[in-house]
Amino acid sequence: MTFKGLVKSKPACKTIVVKKTTSRQVIRKGCGGKKFRGRKSAFIAVSGADQLLNMGPFTQVQYQVEEVDLNNEYNPATSTFRPKQAGIYSLVASVALSVITMIDIEMTLEIRVNGLARISDREHFIQGENLIDASGLVKLEARDSVQVFARAIGNNGIINRGVETHFQGVKV
């Protein structure tokens, strides 16, 4: 018995992309002939000012300098990302922290979606310059609120401004 003719291969789909240069809107035509519209989604923001991180409660990290925002989804005044499209997003947040006392600090960094921690990291720091980052993939719905929060236990610290303290994301 032969299997010839029993296995059918699927036809290869070709994607047709039509771009309008004035609005940066992309129209894609998929295999079923369906059209869907969307703009690329990506942002990068960095901290523009030092920020005191008090011991105890979680504090929202401020990323006031918007470097990239392809779809006008990041608000530097509130340090909040609100995607216009549902999908899977790769998110990264980092904080450069100065510890100025001899007391060690345990720091937690969280990327929160609608107030709930979805990505987090915890590090133990000693005196000097330290760096913590949290990253991962998250499924987001349109208009979700994405923010970064940090907490220090043991003593206060200073979140340093600059490119080491950044928040970024891209739709994958």
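Structure: see above.
Remember, predicted model here, so these are calculated numbers, not experimental data.

Asks: Let's hear about the overall build of the protein chain: which residues, and what values?
Replies: The secondary structure content of the protein chain amounts to zero helices and 16 strands. Out of the 172 residues belonging to the protein chain, those deemed buried represent 37%.

Asks: Please set out a positive patch on the surface residue by residue, giving values where relevant.
Replies: On the surface, Arg39, Arg82, Lys84 and Arg143 cluster together into a patch of positive charge. Take Arg82: its relative accessible area is 33%, and that puts it in the partly exposed class.

Asks: Requested: an account of unusual backbone geometry, with residues and values cited.
Replies: At Asn72, a position not held by glycine, the phi torsion is positive, near 55 degrees. Topologically, Asn72 is positioned in the loop between strand S7 (65-69) and strand S8 (74-75). By relative accessible area, which is 60% here, Asn72 ends up exposed. At Arg143, a residue that is not glycine, the phi angle is positive and equals roughly 75 degrees. Looking at the element boundaries, Arg143 is found in the loop between strand S13 (128-140) and strand S14 (146-153).

Asks: Break down the nonpolar core for me, citing the residues and quoting the values.
Replies: Of all hydrophobic cores here, the largest spans 30 residues; its most connected members are Tyr63, Met107, Leu109 and Phe167. Of all elements in the fold, only strand S4 (42-47), strand S10 (87-99), strand S11 (105-113), strand S12 (116-125), S13 and S14 reach the threshold of two or more residues within this core. Per-element tally for this core: the top contributor is S10, with six residues. Apart from the residues lying within four places of it in its own chain, the contact partners of Met107 are Leu53, Val95, Leu97, Asp121, Arg122, Glu123, Phe125, Ile132, Ala150 and Arg151.

Asks: Summarise the pairing of strand S16 (residues 162-171); cite the residues concerned and give the values.
Replies: In summary, the side chains of a regular strand alternate between the two faces of the sheet. Sheet analysis places S4 next to S16, joined by six bridges and oriented antiparallel. Its bridge partner being in S16, Ile44 is matched across the sheet by Gln168. Where S10 and S16 come together, five bridges link them in antiparallel fashion. When the sheet's bridge partners are listed, Ser90 is paired in S16 with Val170.

Asks: Run through the packing of aromatic side chains, naming residues and quoting values.
Replies: Evaluated as defined, the whole model comprises six aromatic pairs. Judged by centre distance (5.6 Å) and plane angle (40 degrees), the ring pair of Tyr63 and Phe167 falls under tilted. Placement of Tyr63 in the loop between strand S6 (59-60) and S7 and of Phe167 in strand S16 is noted, with a sequence separation of 104 residues between them. Like Tyr63, the residue Phe167 is buried in the burial classification. Geometrically, the ring pair formed by Phe81 and Tyr89 is edge-to-face, given 5.7 Å between the ring centres and 65 degrees between the ring planes. Judged on exposure class, the residue Phe81 and its partner Tyr89 are both buried. Here the aromatic residues Phe43, Tyr63, Tyr74, Phe81, Tyr89 and Phe167 are joined through ring pairs into a cluster of three or more. Sitting over the ring of Phe58, Arg112 keeps its end group 4.8 Å from the ring centre. The cationic tip of Arg112 hangs over the ring face of Phe149; the distance from NZ or CZ to the ring centre is 4.2 Å.

Cut-off values and rules
Residues numbered from 1 in each chain as written. Predicted model: local features only at pLDDT ≥ 70, side-chain atom pairs only at ≥ 80, totals over all residues. Heavy atoms only, no water. Helix = DSSP H or I, 4+ residues; strand = E, 2+ residues; numbered from the N terminus. Buried < 20%, exposed > 50% of the residue type's maximum accessible area, 1.4 Å probe, protein only. Patch = residues over 30% accessible without salt bridge, like charges linked within 9 Å, V, L, I, M, F, W, Y side chains within 5 Å. Areas by Shrake-Rupley, 256 points an atom, 1.4 Å probe, with all protein chains shown as cover. Salt bridge = Lys/Arg side-chain N within 4 Å of Asp/Glu carboxyl O. Lys, Arg positive; Asp, Glu negative; His and termini not counted. Charge placed at Lys NZ, Arg CZ, Asp CG, Glu CD. Core = buried A, V, L, I, M, F, W, Y, C linked by side-chain atoms within 4.5 Å. Contact = heavy atoms within 4.5 Å. Pairing = 2+ DSSP bridges. Phe/Tyr/Trp six-rings, centres within 6.5 Å; stacked < 30°, edge-to-face > 60°. Lys NZ or Arg CZ within 6 Å of the ring centre and 35° of its normal.

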